[in-house]
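Single-letter residue listing:
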Amino acid sequence: MAIPCSLSGKFEGHSSRARQVYSPTQSNRFNVGSFAYVTIKDRLPQILTKVIDTVHRHKNTFFEKYGEEGLAVGKKTISFLSKLRNELQTDKPIIALTDTFPDCELWNQYLEYQTSLMKEEGPPSWFKSPWLYVECYMYRRIHEAITLNPPICDFDVFMESKHQSFFESQQAIITLCTYFHEILKSIGDLTDDQMSEELFKLLQVSLWGNKCDLSISAGQDNSQKSCLLNSLQDLKPLILVNDMANVWTLVSSFKKGNTNESSSLRVDIVLDNAGFELVTDLALADFLLSSKMATQIHFHGKSMPWYVSDTTKQDFNWTIKQLQAANHMWMSKCGIKWEGNLNNESWVYHDHLFWSLPHEFCDMAQISPDLYAELQKSNLIIFKGDLNYRKLTGDRKWDFTVPFSQSLNGFQPAPLGSLRTLKSDVQVGLKTGQGEQLTFSDPDWLISGKYGVIQFSTAV
Ligand code: F6P
Ligand code: MG
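Residues numbered from 1 in each chain as written. Chains lettered and ligands numbered in written order. Predicted model: local features only at pLDDT ≥ 70, side-chain atom pairs only at ≥ 80, totals over all residues. Heavy atoms only, no water.

Asks: I'm lost on the overall build of the chain in this one. Help?
Replies: Counting secondary structure elements, the chain contains 18 helices and seven strands. Looking at the 460 residues of the chain, the share that counts as buried comes to 60%. Taking the intrachain contacts of the chain between residues at least 6 apart in sequence as the baseline, contacts between residues at least 24 apart amount to 81%. Accessible surface computed for the chain: about 18300 Å², of which carbon and sulfur atoms make up 52%. (Helix = DSSP H or I, 4+ residues; strand = E, 2+ residues; numbered from the N terminus. Buried < 20%, exposed > 50% of the residue type's maximum accessible area, 1.4 Å probe, protein only. Contact = heavy atoms within 4.5 Å. Areas by Shrake-Rupley, 256 points an atom, 1.4 Å probe, with all protein chains shown as cover.)

Asks: Explain the coordination of the magnesium ion (ligand 2) to me, please; I cannot follow it from the model alone.
Replies: Tetrahedral coordination by four donors places them ideally at 109.5 degrees to one another around the metal; octahedral coordination by six donors ideally gives 90 or 180 degrees. Surrounding the magnesium ion (ligand 2) are the protein donor atoms Asp 272 (OD), Asn 273 (OD1) and Asp 310 (OD), which sit 2.1 to 2.3 Å from the metal. In primary sequence terms, the donor set of the magnesium ion (ligand 2) follows D-N-x36-D. In this pair, Asn 273 is assigned in the loop between strand S2 (266-270) and helix H11 (276-290) and Asp 310 in the loop between strand S3 (296-301) and helix H12 (313-325), connecting sequence segments 37 residues apart. No difference in accessibility class separates Asn 273 from Asp 310, as the two residues are buried. (Donors = N, O, S within 2.8 Å, 3.2 Å for Na, K, Ca; no water.)

Asks: Just to check I follow, could you spell out unusual backbone geometry for this structure?
Replies: Of note, the amide linkage connecting Pro 150 to Pro 151 takes the cis form, showing an omega dihedral of 10 degrees. With respect to the helices and strands, Pro 151 occurs in the loop between helix H5 (131-147) and helix H6 (159-168). Phi is positive for Val 308, which is not a glycine, with a value near 65 degrees. With respect to the secondary-structure elements, Val 308 resides in the loop between S3 and H12. With relative accessibility at 1%, the residue Val 308 sits in the buried group. Look at Asp 395: it is not a glycine, yet its phi comes out positive at around 55 degrees. As for its position among the elements, Asp 395 is in the loop between helix H16 (386-392) and helix H17 (404-407).

Asks: What is the right way to read the environment of Ile 173 from this model?
Replies: Topologically, Ile 173 is positioned in helix H7 (residues 170-186). For Ile 173, a relative accessible area of 0% translates into the label buried. Separated by 158 residues in sequence, Ile 173 and Met 331 have C-alpha atoms that sit 7.5 Å apart. Apart from the residues lying within four places of it in its own chain, the contact partners of Ile 173 are Phe 166, Phe 276, Val 279, Leu 323 and Met 331.

Asks: Sorry if this is basic, but what is going on with the sheet that holds strand S4 (residues 347-351) here?
Replies: Whenever strands of a sheet pair, they do so through backbone hydrogen bonds, lying parallel or antiparallel. Strand order in this open sheet of seven strands is S1-S7-S6-S5-S2-S3-S4, and the pairing throughout is mixed. Because the sheet does not close on itself, it has two edges, and the strands there are strand S1 (239-242) and S4. Here the strands of the sheet are splayed against their neighbours by 15 degrees on average, with no regard to which way each runs. Sheet analysis places S2 next to strand S5 (residues 380-384), joined by four bridges and oriented parallel. (Pairing = 2+ DSSP bridges. Axes fitted to C-alpha atoms, helices over the stretch in contact; angles between N-to-C directions.)

Asks: Explain the environment of Trp 355 to me, please; I cannot follow it from the model alone.
Replies: Position of Trp 355 relative to the elements: it lies in the loop between S4 and helix H14 (364-367). Among residues more than four places away in sequence, those in contact with Trp 355 are Val 270, His 300, Gly 301, Lys 302, Trp 306, Phe 361, Met 364, Leu 371, Leu 375, Phe 383 and Lys 391.

Asks: Where do I start with the pattern of salt bridges in this structure?
Replies: Once the charged atoms of two side chains with opposite charge are near each other, the side chains can pair. In the structure shown here, the tally under the stated rule is 25 salt bridges. A salt bridge links Arg 266 to Glu 374; its shortest N-O distance comes to 2.9 Å. Placement of Arg 266 in strand S2 and of Glu 374 in helix H15 (residues 369-376) is noted, with a sequence separation of 108 residues between them. Glu 374 matches Arg 266 in its accessibility class, with the two residues each being buried. Residues Asp 310 and Lys 302 are paired through a salt bridge, measuring 3.1 Å at the closest nitrogen-oxygen approach. Considered together, Asp 310 and Lys 302 belong to a single accessibility category, that of buried residues. In the salt-bridge network here, residues are joined through shared partners; they are Lys 83, Glu 87, Arg 141 and Glu 144. (Salt bridge = Lys/Arg side-chain N within 4 Å of Asp/Glu carboxyl O.)

Asks: Explain H15 here, please?
Replies: Three- or four-residue spacings in an α-helix give side chains the same orientation, since the helix completes a turn every 3.6 residues. Along H15, the residues that are buried comprise Leu 371, Tyr 372, Glu 374 and Leu 375. Considered in projection along H15, the buried side chains sweep an arc of 160 degrees and stay on one side of the axis. The secondary structure elements touched by the buried residues of H15 are S2, S3, S4, H14 and S5. (Arc of directions from axis to C-beta.)

Asks: What is the right way to look at the packing of H11 against helix H13 (residues 329-343) in this model?
Replies: Pairs of packed helices are described in terms of their axes, by the angle between the two and the distance that separates them. In contact at an axis separation of 11 Å, H11 and H13 are set at 65 degrees when each is read in the N-to-C sense. Every pair of crossing elements has a handedness; the one defined by H11 and H13 is left-handed. Of the residues in H13, those in contact with Val 279, Leu 282, Ala 283, Asp 286, Leu 289 and Ser 290 of H11 are Lys 337, Trp 338 and Asn 341. (Left-handed = near helix turned anticlockwise from the far one by under 90°.)

Asks: Would you mind going over the nonpolar core with me for this structure?
Replies: For soluble globular proteins, the rule of thumb is that nonpolar side chains tend to be buried together. Ranked by internal contacts, the top residues of the largest apolar core, which has 145 residues, are Tyr 139, Ile 142, Ile 297, Phe 299, Trp 338 and Phe 411. The greatest single-element share of this core, amounting to 11 residues, is contributed by H5. In this structure, this core is formed jointly by two domains, domain 1 (13-147) and domain 2 (170-457), each of which donates at least three residues. Ile 297 has contacts with Val 267, Ile 269, Ala 285, Leu 288, Leu 289, Ser 346, Trp 347 and Val 348, leaving out every residue within four places of it along the chain. (Core = buried A, V, L, I, M, F, W, Y, C linked by side-chain atoms within 4.5 Å. Domains from an automatic or database assignment.)

Asks: Looking at this structure, how should I read the side chain of Ser 125?
Replies: Summarising the element assignment, Ser 125 is placed in the loop between helix H4 (104-118) and H5. A distance of 2.8 Å separates the side chain of Ser 125 from the side chain of Asp 91, its partner in a polar contact. In contact with Ser 125, not counting residues within four places along its chain, are Asp 91, Lys 92, Pro 93, Ile 94 and Val 134. (Polar contact = N/O pair within 3.5 Å; in protein donor to acceptor, adjacent residues only side chain to side chain.)

Asks: Looking at this structure, how should I read the packing of H12 against H13?
Replies: In the contact formed by H12 and H13, the axes pass within 6 Å of each other and the chain directions differ by 135 degrees. The angle between H12 and H13 falls in the class oblique. Contacts between H12 and H13 involve Phe 316, Ile 320, Lys 321, Leu 323 and Gln 324 from the former and Met 331, Ser 332, Gly 335, Ile 336, Trp 338, Glu 339 and Leu 342 from the latter. Its residues placed into classes, the contact of H12 with H13 shows seven nonpolar, three polar and two charged. (Parallel < 35°, antiparallel > 145°, perpendicular 65-115°, else oblique. Nonpolar A, V, L, I, M, F, W, Y, C, P; charged D, E, K, R; others polar.)

That is the geometry; function is a separate question.
Dropping the structure here:
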């Protein structure tokens, strides 16, 4: 596998400035019954059990491909993963990584940092560590199990679920691709009002596409069954913060200011889940390009299988190939057009190991200055999904009314926005009383995925 990045920084903990700004603590030290607790106690072991089962079912394939060695590494991987599940379920201390992947040292430094925070409480363990850290750590340990066992080190334990989720969303994908082609036909003639209306529709489709992640469902089917486009109006009241108008103001100003044909207007999309959500992101990206609100789109994906359904380079390419090969004209045309965008480099795909570290995004400039510098070239960065939101806001127990820009703790390489359905208990930027009202009327509002936000920040 190609190693995509340099990770030049050493993590020595947050600066005193960060600590001052970051008064709230991370949502951690699981209270029994909290969402974090249920995730670690129930959902993660379920995911691990599914992973073990997947490796087990592939033992014959490994044998066919690599002979006795394949069979042996299959067994070794299963025993590593079973041990991992036992460590988790019996609240064992977090242990250092032992593979040679380039992010290994940073993970181990991060463990030292967490250990230094523990004081008399003993070493960090699965139930005595920040939730964000241990959840990321589990996926990294799954990757360790695979990388320690060549020749199967390219095996994606979540690939089958991702593919299944794509196929189960087929009808919704067809509807979206068909609609998208209708827009393209008239895109040159749209008035500003029509253009903003189409942008808003695609932003909302991309937002609600984020419901389809497979980590919240512990790997069970969570695909998009119905046509989203017809439901947008009904779903609108569930968007708790809606900064779409700010996004329009920004991107339409790109277009107006873009009198110089050679100037490039770049939008970056930090991807989340493969399957239906990825197709919604690709449609949004192509719309920005075809409407000339952007001249280049940069996508950012994961360097390893992550949170079950997150997009890797393999998923990205597979999705475009599947669309191309589809037996439906508009799906196939989308695939062909999007492959063309990659070939002419108006779409660029990146992956970087920073995205699968446990660090908050405000650490990016220190840990991965190359990635931070890359993002500084952007005119707008769109962060998809819940996990990215947790990392943007540091997964802190913020008051609901703290401004989004403040929760970023100085992370602002360029104007940025988040499209996220709520699946964890951090939320900022609400109106006074809004969070309390929701807690009263719908106690699960933070974790059910029913609500969404489109939040935007330009403040530096
Ligand atoms: O526990 C739910 C969860 O696993 C969160 O930890 C995580 O933030 C989310 O699901 C993943 O969602 P998304 O795919 O939107 O990042
Ligand atoms: Mg995800």
